[in-house]
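Listed here are the chains, written in short residue letters.
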Amino acid sequence: MAEKIEILIADDHELVREGICKLVDMFENMTVISEAADGLQTVSMVRDHFPDLVLLDLNMPRMNGIDAIRKIKEISPNIKILILTIHEEEEYVYEVIKAGAEGFLQKDVKPDELKESILRVLQGDKVFPSRIEEEVEHKIHKTDEIEDLSDREQQVLELLARGMSNRELAEELYISEKTVKNHVSNILHKMNVNDRTQAVIMGLKKGMVKLS
């Protein structure tokens, strides 16, 4: 029998955390090896147990989820992180992905979808809320061929995926902010997306960019 996938559950609401733990323990070949009630405890538990995956809430006391993601990745880049939150705004997805997490789900997710998402993340895929995934997938199918990005546009897209602002991009590339805005506008047009969050997600899904 294959070894069980070891999962750390981090949520500051005890009832929610217990519910998630019971659910995950019911999944085949998965086990909860530890629980954490705040961000600092999460990081400490990661150091103690080195789980395969952390199911992490964003709104955590003592250390928020974004900072916890960065600390966990410093401990071990190989530990996968799947955010489980009430938030659904795209900017939260963007913050989570640029911090280094592999996925982002809302707490009303169905059990089968949670299980599938855990497996997808462990296999190297990126997971996003169903609504955003469907929107981006629709755009991918609608645009069979994405117009090739120039070398500079590709460079800008990769820096966008690292969460850089227009000012930071301008400083990094030694160009004006106006030129940066023009490059971003061209990227959105060529990729047929509405904003930089969708551009980054589509870039990740199509293998155009990778997050180190």
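Residues numbered from 1 in each chain as written. Predicted model: local features only at pLDDT ≥ 70, side-chain atom pairs only at ≥ 80, totals over all residues. Heavy atoms only, no water.

**A few points about the environment of Val-127**
The condition is simple: Runs of H or I in DSSP of at least four residues are treated as helices and runs of E of at least two as strands, each being numbered from the N terminus. For every residue, the accessible area obtained with a 1.4 Å probe (protein chains only) is divided by the maximum for its type, and the residue is called buried under 20%, exposed over 50%, and partly exposed between those limits.
In this fold, Val-127 is placed in the loop between helix H5 (111–122) and helix H6 (130–142). By relative accessible area, Val-127 is classed as buried at 1%. Once the C-alpha coordinates of Val-127 and Glu-116 are considered, the two residues, eleven residues apart in sequence, prove to be 9.8 Å apart.

**Concerning helix H2 (residues 39–49)**
So the rule is basically this: Read the arc as the range of directions from the helix axis to the C-beta atoms. Whether two residues are in contact is decided by their heavy atoms, any of which lying within 4.5 Å being enough. The term polar contact refers here to a pair of N or O atoms within 3.5 Å; inside protein, the definition further demands a hydrogen-donor-capable atom paired with an acceptor-capable atom, and it admits residues adjacent in sequence only when both atoms are side-chain atoms.
Turning to H2, its buried residues are Gly-39, Thr-42, Val-43, Met-45 and Val-46. Down the axis of H2, the buried set is contained in an arc of 160°. They therefore lie on one face. Away from the buried face of H2 by more than 90 degrees, exposed residues Arg-47 and Asp-48 are located. Elements that come into contact with the buried residues of H2 comprise strand S1 (5–10), strand S2 (30–36), strand S3 (53–56) and helix H3 (65–75). For H2, the N-terminal capping position is held by Asp-38, with its side-chain oxygen 3.1 Å away from the main-chain nitrogen of Leu-40. Phe-50 occupies a position one or two residues after H2 and carries a positive phi of about 45°.

**Focus: the nonpolar core**
The nonpolar side chains of soluble globular proteins are, as a tendency, buried together. What counts here: Take the buried residues of types Ala, Val, Leu, Ile, Met, Phe, Trp, Tyr and Cys, join any two whose side-chain atoms come within 4.5 Å, and each joined set is a nonpolar core.
Core analysis: the largest hydrophobic core is formed by 50 residues, its most contacted members being Leu-56, Ile-69, Ile-83, Val-96, Leu-169 and Met-191. Residues contacting Leu-169, with those up to four places away along its chain left out, are Val-156, Leu-159, Leu-160, Met-164 and Val-180. One finds Ile-5, Met-30, Val-109 and Val-121 within the second-largest nonpolar core, a separate group that totals 19 residues.

**Looking at the packing of helix H7 (residues 151–161) against helix H9 (residues 177–191)**
Selection criterion: For every element, the axis is a line fit to its C-alpha atoms; helices are fit only across the contacting stretch, and the angle between N-to-C directions ranges from 0 to 180 degrees. An angle counts as roughly parallel when it lies under 35 degrees, as roughly antiparallel when it exceeds 145, as roughly perpendicular when it falls between 65 and 115, and as oblique in every other case. Each residue gets one of three labels, nonpolar for Ala, Val, Leu, Ile, Met, Phe, Trp, Tyr, Cys and Pro, charged for Asp, Glu, Lys and Arg, and polar for the others, Gly among them.
At a minimum axis distance of 10 Å, the contact between H7 and H9 shows a crossing angle of 95°. On the basis of their axis angle, the class for H7 and H9 is roughly perpendicular. Here H7 contributes Arg-152, Glu-153, Val-156, Leu-157 and Leu-160 to the contact with H9, which in turn contributes His-183, Val-184, Asn-186, Ile-187, Lys-190 and Met-191. In terms of residue class, the contact of H7 with H9 is built from six nonpolar, two polar and three charged.

**Focus: the sheet that holds S2**
Under the convention used in this document: If DSSP finds at least two bridges between two strands, the strands pair.
The strand order S2-S1-S3-S4-S5 describes an open sheet built from five strands, whose pairing is parallel. Only two strands of the sheet have a single partner each, and these edge strands are S2 and strand S5 (103–106). For this sheet, the mean inter-axis angle between neighbouring strands, taken without regard to orientation, is 25°. Contacting S3 and strand S4 (80–85), H3 runs over the sheet at an angle of about 170° to S4. Its contacts with the sheet put H5 on S1, S2, S3, S4 and S5, and the angle it makes with S4 is roughly 150°.

**Some thoughts on the packing of H7 against helix H8 (residues 166–173)**
This is how the line gets drawn: If you view the pair so one helix is near and one far, a crossing is left-handed when the near helix is turned anticlockwise from the far one by less than a right angle, and right-handed when it is turned clockwise.
Where H7 meets H8, the closest approach of the two axes is 11 Å, and the angle between their N-to-C directions is 130°. Between H7 and H8, the crossing angle belongs to the class labelled oblique. Handedness of the crossing formed by H7 with H8: right-handed. Contacts between H7 and H8 pair Arg-152, Gln-155, Val-156, Leu-159 and Leu-160 from the former with Leu-169, Glu-172 and Leu-173 from the latter. Here the residues of the contact of H7 with H8 are counted per class, giving five nonpolar, one polar and two charged.

**With respect to the pairing of S4**
A regular strand places its side chains on the two faces of the sheet in alternate fashion. Buried residues dominate S4, accounting for five of its six residues. Alignment of S4 against S5, held across four bridges, turns out to be parallel. If you follow Ile-83 over to S5, its bridge partner there is Phe-104.

**A look at the pairing of S1**
As a reminder of what qualifies: The handedness of a crossover follows from its direction of travel: if, with the strands pointing away from the viewer, the path from the first strand over the helix to the second runs clockwise, the crossover is right-handed.
Where burial is concerned, most of S1 is hidden: five out of the six residues are buried. In the sheet, S1 pairs with S2 via six bridges, with the strands oriented parallel. For Leu-8, the partnering residue across the bridge sits in S2 and is Ser-34. Following the backbone out of S1, through helix H1 (residues 14–26) and into the adjacent parallel S2, one traces a crossover that is right-handed.

**Focus: the confidence of the model for the protein**
As a reminder, the rule being used: Along the chain, pLDDT gives the predictor's confidence residue by residue, from 0 to 100.
Taken residue by residue, the protein gives an average pLDDT of 86. The fraction at 70 or more is 90%. Per-element averaging of pLDDT across the protein places H6 at the bottom with 66 and S3 at the top with 96.

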